[in-house]
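Chain by chain, the residues run as shown.
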Amino acid sequence: QVQLVESGGGLAQPGGSLSASCAASGSTYTTGGMGWFRQAPGKVREVVAVISWRGDKTLYGDSVKGRFTISRDNAKNSVYLRMDSLQVEDTAVYYCAASRVTRGGGMLPGRQTEFQFWGQGIQVTVSS
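Attention in this report is confined to the structure presented alongside it. (Residues numbered from 1 in each chain as written. Predicted model: local features only at pLDDT ≥ 70, side-chain atom pairs only at ≥ 80, totals over all residues. Heavy atoms only, no water.)

1. Side note on the packing of aromatic side chains
- The tally for this structure, following the rule as stated, stands at four aromatic pairs.
- Taking the centre distance of 5.1 Å and the plane angle of 55 degrees together, the rings of phenylalanine 37 and tryptophan 118 count as tilted. Separated by 81 residues along the polypeptide, phenylalanine 37 in strand β4 (residues 33–39) and tryptophan 118 in strand β10 (residues 117–118) bring together distant segments of the chain.
- In this structure tryptophan 118 comes out as partly exposed when scored by relative accessible area, which is 26%.
- An aromatic cluster is built from Phe37, Tyr95, Phe115 and Trp118, whose rings are joined through pairwise contacts. (Phe/Tyr/Trp six-rings, centres within 6.5 Å; stacked < 30°, edge-to-face > 60°. Helix = DSSP H or I, 4+ residues; strand = E, 2+ residues; numbered from the N terminus. Buried < 20%, exposed > 50% of the residue type's maximum accessible area, 1.4 Å probe, protein only.)

This is the structure we're talking about:
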């Protein structure tokens, strides 16, 4: 079992930056990947970014490529999300998630159903 606790997020103006972190506990070494999803009101949950256990592979949702950066620490017990050049459309609840799914070809899991463990979610609001 894996437990995930997020922190960070908050309020920023368009063009600003925010960060978020996710601390993992439990059987973390069996986790195939960790990442962030987000869900805005009236919209489906979408992938933001995913990082491999080793940290050598990443996946980003199309809407955040070039603006957000995912990373993890050397102990593989936390995941960090840097959000730059924020847009109003980035406003959502952001969820940390962990997956034990292994794909072929070295592909990272990226679908909501491939992630078994979820944090409680944190609010990110971008507004003028």
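There's more to say after this.
2. As for the state of the cysteines
- Inspection of every chain in the model, using the stated rule, returns one disulfide.
- There is a disulfide in this structure between cysteine 22 and cysteine 96, and the S-S distance comes to 2.0 Å. Taking the sign of the S-S torsion, -80 degrees for the link of cysteine 22 and cysteine 96, the bridge is left-handed. A residue pair is termed long-range when its members are at least 10 positions apart, and cysteine 22 in strand β3 (residues 18–26) and cysteine 96 in strand β9 (residues 92–99) qualify at 74 residues. (Disulfide = S-S within 2.5 Å.)

3. Points about unusual backbone geometry
- Even without being a glycine, serine 85 presents a positive backbone phi close to 50 degrees.
- You can see serine 85 is positioned in the loop between β8 (78–83) and β9.

4. Remarks on the pattern of salt bridges
- Summed over all chains, the structure comprises six salt bridges.
- Note that aspartate 62 is salt-bridged to lysine 65, the shortest N-O span being 3.1 Å.
- Where arginine 67 meets aspartate 90, a salt bridge forms, and the shortest distance between an N and an O atom there is 2.7 Å. Residue arginine 67 is found in the loop between β6 (58–60) and β7 (68–72), and its partner aspartate 90 is found in the loop between β8 and β9; the two are separated by 23 residues along the sequence. Of the two residues, arginine 67 and aspartate 90, both sit in the buried class.
- One connected set of salt bridges, linked through shared partners, spans Arg38, Glu46, Arg67 and Asp90. (Salt bridge = Lys/Arg side-chain N within 4 Å of Asp/Glu carboxyl O.)

5. Things to note about the nonpolar core
- Core analysis: the largest hydrophobic core is formed by 29 residues, its most contacted members being Leu4, Met34, Trp36, Leu81, Met83 and Tyr94.
- For this core, the elements supplying multiple residues, two or more each, are β1 (2–8), β3, β4, β5 (46–52), β7, β8, β9 and β11 (122–126).
- Of all hydrophobic cores here, the second largest spans six residues; its members include Phe37, Val47, Val50 and Ala97. (Core = buried A, V, L, I, M, F, W, Y, C linked by side-chain atoms within 4.5 Å.)

6. Here we look at the sheet that holds β8
- The sheet built from four strands is open, its strands ordered β1-β3-β8-β7 with antiparallel pairing. The sheet is open, and its two borders are formed by β1 and β7, each paired with just one other strand. Taken over all neighbouring pairs, the strand axes of this sheet differ in orientation by 15 degrees on average, direction set aside.
- Pairing between β3 and β8: six bridges, direction antiparallel. Pairing of alanine 23 across the sheet is with serine 78, part of β8. (Pairing = 2+ DSSP bridges. Axes fitted to C-alpha atoms, helices over the stretch in contact; angles between N-to-C directions.)

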